[in-house]
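# Coordinate analysis (summary)
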Amino acid sequence: MSDGSVQQKQSQPAVPLLQEQRVGEILAAVPERGQWRYRPRRVGLVWRSKTFRAGAVFTVLALCGLVILALVRDQTGTEGFLVGLGLAVLPVPLLMAAFRWLDRVEPWSWRNLLFAFAWGACAAALVAIIANSFATRWIATATADPAGADTLGATVIAPVVEESAKAAAVLLIFLFRRRHFSGILDGVVIAGFTATGFAFTENILYLGNAFGEDQQIGTSGFASVTAATFFVRAVMTPFAHPLFTVLTGLGFGFAALCARRHRIRRILLPLLGLILAMGMHALWNGSGSFGPYGFYVVYGAFMVPVFGLVTWLVIWSRQRELRTLATELPVYAAAGWLTPAEPLALSSIRARGMARDMARHRHASACGGTSAYGTPYGAPYTGPGYGCPVPGPPPAHSPAYGSNRAVAQVRSHAKAQARARGRAAARAVAEYESFATSLAFLRRQARRGAADPDFVARELELLHHLWQRREVAGPALTYAAQATGRLRPRYIPAGPAPHPQYGGYLPNPYLTPHAQQPYARPPYGNVPPPRSR
């Protein structure tokens, strides 16, 4: 035993003693990071990964989509499912284009819009079809009245379940994309895309069942049940489900405009919108029980006026957002970050589109050596990403000289480079417009007391993005303001007083020390000062 213990002690490695004077020498022997054999474990960080979250959401929605397609196919049959799918997809592009048209001032990314559509078509539809079927069967069993159970399920159960399931998508985007959810239009667009997806799946079910009825009774053509169902759901009332859910979106939109101190109002407004959506949905579903003309009365006396009122409110809200740009951005023009014409152009949908087209044509023309729009504001921009060396024709001693094919290839290559340059310039102007819009809305939130604590950092980040694209977007927006008649001679728009959180603006921010003026030097290196106006 003693010999074993002595041998064990002798086999133990020596522990390096910690001596302050030798710490640097000991740690210098540690291998470089690329040669580490042991790495720190990232415990719990997988949930914070954007890739993991996106993959989880995609997996859940895909599974819901597969289940809902299997359930719909089981109820309609394969042939009825294919017919319903082909007919239900027809109104979808029109509805999506309408909501996308409304969302032109500060458009949502397609990633968020497709999530809303997929949630409505997959998750919300799956919850609705399972919950409605279960509740209707339970009521029929408890009351022994199948007809009454169907009526109660359509007028009470379905509105509550369906509108709650669709509102979940608006709530998720409101919570996780809060900085992008800034007003009424945001709620309307997200709610509209969600309801469009839900109506798409529901139309597959209704149209597939109608086709099955036609197969049983032997009807076809315009007198068939399928044609009548398509006319009612896709022609007369394609806006029904979007109109219901838009009321919920309006509630979230009004809540987004409220200051953070109004917590009760921010909770009650979405709930009020959801209750109105449920009530309107219940009235619509119950219109068939009001008599032979109940459907037409509800449609003409209620649905159409409400649709017109909501449409007017949405268009008015979009014009109000454009006026916000004209009100909030002039202070940045006074500080030298924008030209006086840019707030005027950015507050016009027509001028914004003209500026993008202008940049595309001008930079594409400059790549070819000519410019139809070069005279209004000087030489073309040649910054990074926009350079376009155009190869000339082959020299006289070249074997390719005189070859029509070689000349055609050179010209084709030059045209492709010109188009690429034009697309890059138009994209830069579009990004400039988006950042400027976000900047105006951020400042509006600050004036209302609804901005986050990192307001100044976010403002400087947006100004950084604007400055990087200024050489391309500034002249195009100035030209658009002049071409649309919004820029008048000797007119400089005046904005409201600056927000107290970051002090006042000076006419030339580059001549003021940084400690007194946060915009004294741009945070991105040595750049030339703004052009004199």
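These remarks concern the structure in this document. Every chain is numbered on its own, with residues counted from 1 as its sequence reads. Note on the predicted model: pLDDT of at least 70 is required for a residue's local features to be given, and 80 or more for side-chain atom pairs to be given and counted; whole-chain, interface and lining totals, by contrast, use all residues. With hydrogens and water stripped out, all remaining heavy atoms of the structure feed into the side-chain values.

### Looking at the overall build of the chain
Worth spelling out the cut-off: Secondary structure follows DSSP: runs of H or I at least 4 residues long count as helices, runs of E at least 2 residues long count as strands, and numbering of each begins at the N terminus. The buried label applies to any residue whose accessible area, calculated with a 1.4 Å probe on protein chains only, is under 20% of its type's maximum; exposed applies above 50%, and partly exposed to all values in between. In this analysis, two residues are considered to be in contact whenever any of their non-hydrogen atoms come within 4.5 Å of each other. Surface accessibility follows the Shrake-Rupley procedure with a 1.4 Å probe radius. Residue values consider only the protein chains on display as shielding.
On a plain count of helices and strands, the chain comes out with 17 helices and 0 strands. Looking at the chain as a whole, 44% of its 533 residues are labelled buried. If you take every contact in the chain between residues at least 6 apart in sequence, the share linking residues at least 24 apart comes to 76%. As displayed, the chain has an accessible area near 29500 Å², and 63% of this comes from carbon and sulfur atoms.

### Concerning the side chain of H241
Here is the rule we go by: Definition of a polar contact: a pair of N or O atoms within 3.5 Å, with one able to donate and the other able to accept a hydrogen when the atoms are protein atoms, and with sequence-neighbouring residues admitted only if both atoms are side-chain atoms.
Tracing the backbone shows H241 in helix α9 (residues 240-257). Taking relative accessible area as the criterion, H241 reaches 7% and is therefore assigned buried. A distance of 2.9 Å separates a polar atom in the side chain of H241 from a polar atom in the side chain of K166. A polar contact of 2.7 Å, which involves the side chain of H241, links it to the side chain of E202. Discounting chain neighbours no more than four positions away, the residues touching H241 are E162, E163, K166, A195, F198, A199, E202, R233 and H281.

### Quick notes on the pattern of salt bridges
As a reminder of what qualifies: Whenever Lys or Arg places a side-chain nitrogen within 4 Å of a carboxyl oxygen from Asp or Glu, that contact is recorded as a salt bridge.
The final tally for this structure, using the stated rule, is 6 salt bridges. E433 is the salt-bridge partner of R356, the closest N and O atoms lying 2.7 Å from each other. Taken together, the residues span a long stretch of sequence, with R356 in helix α14 (residues 349-368) and E433 in helix α15 (residues 404-447) at a distance of 77 residues. With a relative accessible area of 2%, E433 lands in the buried category. Note that D357 is salt-bridged to R360, the shortest N-O span being 2.8 Å. Placement of the pair is D357 and R360 together in helix α14, with a separation of 3 residues, close to one helical turn. For D357, a relative accessible area of 37% corresponds to the partly exposed category.

### Overview of a nonpolar patch on the surface
As a reminder, the rule being used: Residues enter a patch when their relative accessible area is above 30% and they make no salt bridge; the linking distance is 9 Å between like charges and 5 Å between nonpolar side chains (Val, Leu, Ile, Met, Phe, Trp, Tyr).
On the surface, a cluster of nonpolar side chains totalling about 420 Å² of accessible area is made up of I264, I267, L268 and L271. By the secondary structure assignment, I264 is in helix α10 (residues 263-285). Classification of I264 by relative accessible area gives exposed; the value is 62%.

### Observations concerning the packing of aromatic side chains
Counted only if it meets this: Geometry of aromatic contacts follows a simple scheme: Phe, Tyr and Trp rings, the Trp one being its six-membered ring, pair when their centres are within 6.5 Å, and the pair is stacked under 30 degrees between planes, edge-to-face over 60, tilted otherwise.
If you walk through the whole model with that rule in mind, you get 14 aromatic pairs. Ring geometry for F174 and F252: centres 5.3 Å apart, planes at 55°, overall tilted. On the criterion of sequence distance, the pair formed by F174 in helix α6 (residues 146-176) and F252 in helix α9 is long-range, its members being 78 residues apart. For the pair formed by F174 and F252, the shared burial category is buried. Ring geometry for W284 versus F295: centroids 5.1 Å apart, planes at 50°, classification tilted.

### Quick notes on the packing of helix α5 (residues 110-143) against helix α7 (residues 184-217)
To keep things clear, this is the line we draw: Each axis is a line fitted through C-alpha atoms, and for a helix only the stretch in contact is used; angles between axes span 0 to 180 degrees, taken between their N-to-C directions. Each angle receives one of four descriptions, namely roughly parallel if under 35 degrees, roughly antiparallel if over 145, roughly perpendicular if within 65 to 115, and oblique otherwise. Crossings are assigned a handedness: left-handed for a near helix turned anticlockwise from the far helix by less than a right angle, right-handed for a clockwise turn. Any residue outside Ala, Val, Leu, Ile, Met, Phe, Trp, Tyr, Cys, Pro, Asp, Glu, Lys and Arg is labelled polar, Gly included; the first ten of those are nonpolar and the last four are charged.
At their nearest, the axes of α5 and α7 sit 7 Å apart, and the two run at 45° to each other. With respect to each other, α5 and α7 are oriented oblique. For the pair α5 and α7, the crossing hand works out as right-handed. Only V189, I190, F193, T194, T196, G197, F198, F200, T201 and L205 of α7 make contact with α5, whose side of the interface consists of W110, L113, A116, F117, W119, G120, A121, A124, A125, A128 and I129. Classifying every residue of the contact of α5 with α7 by side-chain character gives 16 nonpolar, 5 polar and no charged.

### Regarding the nonpolar core
This is how it is decided: By nonpolar core is meant a set of buried Ala, Val, Leu, Ile, Met, Phe, Trp, Tyr and Cys residues that side-chain atoms within 4.5 Å join together.
Counting 66 residues, the largest nonpolar core has F181, F193, W284 and M303 as the members making the most contacts within it. Counting only elements with at least two residues in this core, the list comes to α3 (50-88), α4 (91-102), α5, α6, α7, α9, α10 and α11 (294-328). For this core, the leading source of residues is α5, giving 13 residues. In this structure, F193 is in contact with M96, F99, R100, W110, L113, A116 and F117, ignoring residues within four places of it in sequence. Judged by nonpolar contacts, the second largest core, of 39 residues, contains Y332, Y432, L439 and A473.

### Focus on the packing of α6 against α9
At their nearest, the axes of α6 and α9 sit 10 Å apart, and the two run at 35° to each other. As for the relative orientation of α6 and α9, their crossing is right-handed in sense. Taken together, the residues of α9 that come into contact with α6 (itself represented by E162, E163, K166, A167, V170, L171 and F174) are H241, F244, T245, T248, F252, A255 and A256. Residues belonging to the contact of α6 with α9 are distributed by class as follows: 8 nonpolar, 3 polar and 3 charged.

### A short note on α4
Stated formally: The span one expects for a helix is its residue count, reduced by one, times 1.5 Å. Relevant arc is that of directions from the helix axis to the C-beta atoms, nothing else.
Between its first and last C-alpha atoms α4 spans 17 Å; for 12 residues at 1.5 Å apiece the expected length is 16 Å, and the two agree. Within α4, the full set of buried residues consists of P91, V92, L95, M96, F99 and L102. Projected onto a plane normal to the axis of α4, the buried residues spread over an arc of 130° and lie on a single side. Those residues of α4 that are buried lie in contact with α3, α5, α7, α8 (225-236), α9 and α11.

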